[in-house]
Amino acid sequence: MLAKPLPPGALDAFSARPARTLEDYQQAMAIRAAVYMAEQDCPYDEEYDGNDFTATHMVVYSGVRPVGTIRVRWFSGFAKVERTSILPAFRGTPALKVLLAETFEIIARKGYRLALAQIQARLWPTWDRVFRCRLVSGRPGFAFSGFDYAEMEIPVARHPEVLSVRADPLLVIRPEGAWDEPGVLDRSAGRPTDGAQAA
């Protein structure tokens with residue numbers, strides 16, 4: 001999905017993962033407040049729009065410091081990436097590319113082949129350099145929160161280890177994005193079972 005491979009050393013300097021704890025979630029919300037509310041003067045109720053508890057939030061870190069976030073919502077046939085934000089001091093670094101690479105790894109692993117983004121129209125040249133993507137043709141632009149927007153489609157390559165409905169049951173109940181690491185329920189699977197108990 002990225003137009004170019006990650007630069008050398010990018011994964012040594014930055015890491016990204018889904019928000020799995022309240023602290024992770026608060027880090028994502030704090031970054032968005034700094035970028036959208038403080039920098040772009042976005043009203044609170046427009047930034048926190050009622051979709052945050054139904055989405056996956058990714059956070060990118062420089063060491064242990066959270067420096068960026070993106071939100072992904074899931075629809076039939078496509079994933080919608082939105083609320084992409086990087087703190088000013090980390091723009092122009094590989095932070096954004098690491099965040100996007102890890103986000104699209106999850107999108108692809110879940111079996112999605114298409115992502116949609118609504119981007120500030122002025123940022124199209126940036127996104128066009130970062131992604132293999134296209135503007136959605138035949139659709140008019142639109143505006144909200146004082147910015148002009150355009151729709152961008154990002155084709156997603158088929159993942160070689162896509163999660164399917166017939167995947168190992170323990171694999172699909174592991175924490176989001178950590179499907180290849182044994183989880184807490186894997187450790188409990190060795191306990192004796194009581195065949196008389198209902199599942």
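Only a predicted model underlies this, so the values are computations on that prediction, with no experimental measurement involved. (Residues numbered from 1 in each chain as written. Predicted model: local features only at pLDDT ≥ 70, side-chain atom pairs only at ≥ 80, totals over all residues. Heavy atoms only, no water.)

Counting residues in each nonpolar core, the largest one holds 48 residues, and the members touching the most others are Phe-131, Met-152 and Ile-154. The greatest single-element share of this core, amounting to 9 residues, is contributed by helix 4 (residues 95-109). Those residues within four positions of Met-152 in sequence are excluded, and the remaining contacts are Ala-115, Leu-116, Ala-117, Ile-119, Trp-124, Trp-127, Phe-131, Cys-133, Arg-134, Leu-135 and Val-136. (Core = buried A, V, L, I, M, F, W, Y, C linked by side-chain atoms within 4.5 Å. Buried < 20%, exposed > 50% of the residue type's maximum accessible area, 1.4 Å probe, protein only. Helix = DSSP H or I, 4+ residues; strand = E, 2+ residues; numbered from the N terminus. Contact = heavy atoms within 4.5 Å.)

According to the domain assignment, the protein chain contains domain 1 (10-158) and domain 2 (161-191). Spacing between the C-alpha centres of domain 1 and domain 2 amounts to 26 Å. In this complex, domain 1 contributes 10 residues to the contact, which on the side of domain 2 involves 9 residues. Of the roughly 830 Å² buried where domain 1 meets domain 2, counting both sides, 54% is carbon and sulfur surface. (Domains from an automatic or database assignment. Buried area = accessible area lost by both parts, 1.4 Å probe.)

So, on to the environment of Ala-157. Position of Ala-157 among the secondary structure elements: in the loop between strand 8 (147-155) and helix 6 (169-172). When the C-alpha atoms of Ala-157 and Gln-26 are compared, they prove to be 31 Å apart, with 131 residues separating the residues in sequence. Each residue touching Ala-157, except ones within four places of it in the same chain, is listed here: Met-1, Ala-108 and Arg-113.

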